[in-house]
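Descriptive analysis of the structure
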Amino acid sequence: LDNQNLFSSRFILSIFPHMFDGFLNESIIKRAIQKKIVEINIHDFREFSKDPHKKVDDYQFGGGAGMILMPEPIYDCVESIRDDDSYIILMTPQGVSYNQKKANELKLKKHLIIICGHYEGFDERIRALADLEVSIGDYVLTGGELPSMVITDSIVRLLDGAIKEESTETESFNNGLLDYPVYTKPVNFRGMEVPSVLLSGHHENIKKWRYEESLKRTKERRPDILEEKTYGER
Ligand code: ADE
C-alpha cells in the first residue's frame with residue numbers, strides 16, 4: 001500500500017458550513033473520507049468572533065457598499081488549526097487561475113487550509129495569512145465556498161486510492177491533451193456507430209487512433225494548450 005497520502009488533511013474555513021453537507025456526503029469524496037485517504041474539516045470562523053452577536057464583518061473605512069470580513073476571527077481560527085506543514089489558500093477572483101497543474105501540486109501538500117471569503121471583500125490584512133490566492137475562473141461568485149469545493153474535489157480524486165489509478169493517468173489535461181472520444185454499448189445507437197477500430201481488438205491501432213483523436217480534438221477546441229505543450233511553459 002502506497003500510503004503517501006494517508007491522513008493528509010484539508011481544513012476549510014467558512015461561515016456557511018452547511019454548504020458542504022452534500023459535497024462531503026456523496027460519491028468519491030465521501031468514500032475517500034471513509035477510507036481515511038483524506039480528512040476534511042469545516043471550521044466556522046464565526047465561532048471565533050469575540051463580538052456578542054458573533055459578527056465577522058463590518059463597514060469599510062473610507063466608505064462604500066458591502067460588508068468586509070474582519071481579520072481577527074479568521075486569524076484566530078487559522079491559528080487554532082495551523083501547524084508547520086500547513087499551506088494556506090485564500091479563495092478570491094483576484095488569485096492565480098486554477099488548473100490541473102495546480103491540482104497536481106496541491107495534492108502533495110499534507111495539510112491545506114482553505115479560506116472562503118466574500119467578494120465584496122475581506123480586509124486586506126487577511127491576505128498576509130495566505131501562501132497562495134486562487135481563482136477558479138474569471139467570474140464572480142457569492143463566496144469562496146463553491147471554489148473551495150472545486151479545488152478540494154480536484155485534489156481528492158488524485159490522492160492514492162481515491163479512484164482507479166488508470167482513470168487519472170489517461171484523462172484530459174494529464175498528457176497536455178483533451179480526452180479522445182469513448183463509447184460503450186450499444187454498437188449502433190440510432191444510426192450512430194462505434195468506430196470500428198475500437199471493436200477490432202487491435203491494441204496498437206486503438207492506441208494510435210486514440211492519440212490522433214486526442215490531438216485533433218485539442219487542435220479544434222483548445223489550440224492554446226497545444227501551443228503550451230509544443231513550446232513549453234511560459
Ligand atoms: N470567490 C468569488 N468568486 C471567486 C472565484 N471566481 N474564484 C475563487 N474565489 C472566488
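Data block above holds the structure.
Summary of the structure given here. (Residues numbered from 1 in each chain as written. Predicted model: local features only at pLDDT ≥ 70, side-chain atom pairs only at ≥ 80, totals over all residues. Heavy atoms only, no water.)

Focus on the site of the ligand
Let me state the cut-off plainly: Nearness is defined per residue: one heavy atom within 4 Å of the molecule or strand is enough. Here a polar contact means two N or O atoms within 3.5 Å. Within protein one must be a hydrogen donor candidate and the other an acceptor candidate, and residues neighboring in sequence count only if both atoms are side-chain atoms. Using a 1.4 Å probe, the Shrake-Rupley method yields the accessible areas, and only the shown protein chains count as cover for residues.
In the neighbourhood of the ligand, the contacting residues comprise M91, T92, P93, V134, S135, I136, G137, Y139, V140, L141, G143 and P147. T92 places a polar main-chain atom, nitrogen or oxygen, 3.2 Å from a nitrogen atom of the ligand. I136 is positioned with one of its backbone polar atoms (N or O) 3.0 Å from a nitrogen atom of the ligand. In the complex, 98% of the free accessible area of the ligand, which totals 260 Å², lies under the protein chains.

So, the pattern of salt bridges
Stated precisely, the cut-off is as follows: What counts as a salt bridge is simple: a side-chain nitrogen of Lys or Arg found within 4 Å of a carboxyl oxygen of Asp or Glu. A run of H or I in DSSP counts as a helix once it spans at least four residues, and a run of E counts as a strand once it spans at least two, with each numbered from the N terminus. Remark: exposure states derive from per-residue accessible area (1.4 Å probe, protein chains only) relative to the maximum for the residue type, with buried under 20%, exposed over 50%, and partly exposed in between.
Summed over all chains, the structure comprises 11 salt bridges. A salt bridge links D76 to K50, with the shortest nitrogen-to-oxygen separation between them at 3.2 Å. In this pair, D76 is assigned in helix 3 (residues 71–81) and K50 in the loop between strand 2 (38–43) and strand 3 (57–58), connecting sequence segments 26 residues apart. Between E213 and K216 there is a salt bridge, with the nearest N and O atoms lying 3.6 Å from each other. Of the two residues, E213 and K216 are both situated in helix 7 (residues 203–221); the distance of 3 residues between them amounts to about one turn of the helix. Note on K216: relative accessible area 44%, which makes it partly exposed. In the salt-bridge network here, residues are joined through shared partners; they are K50, E72 and D76.

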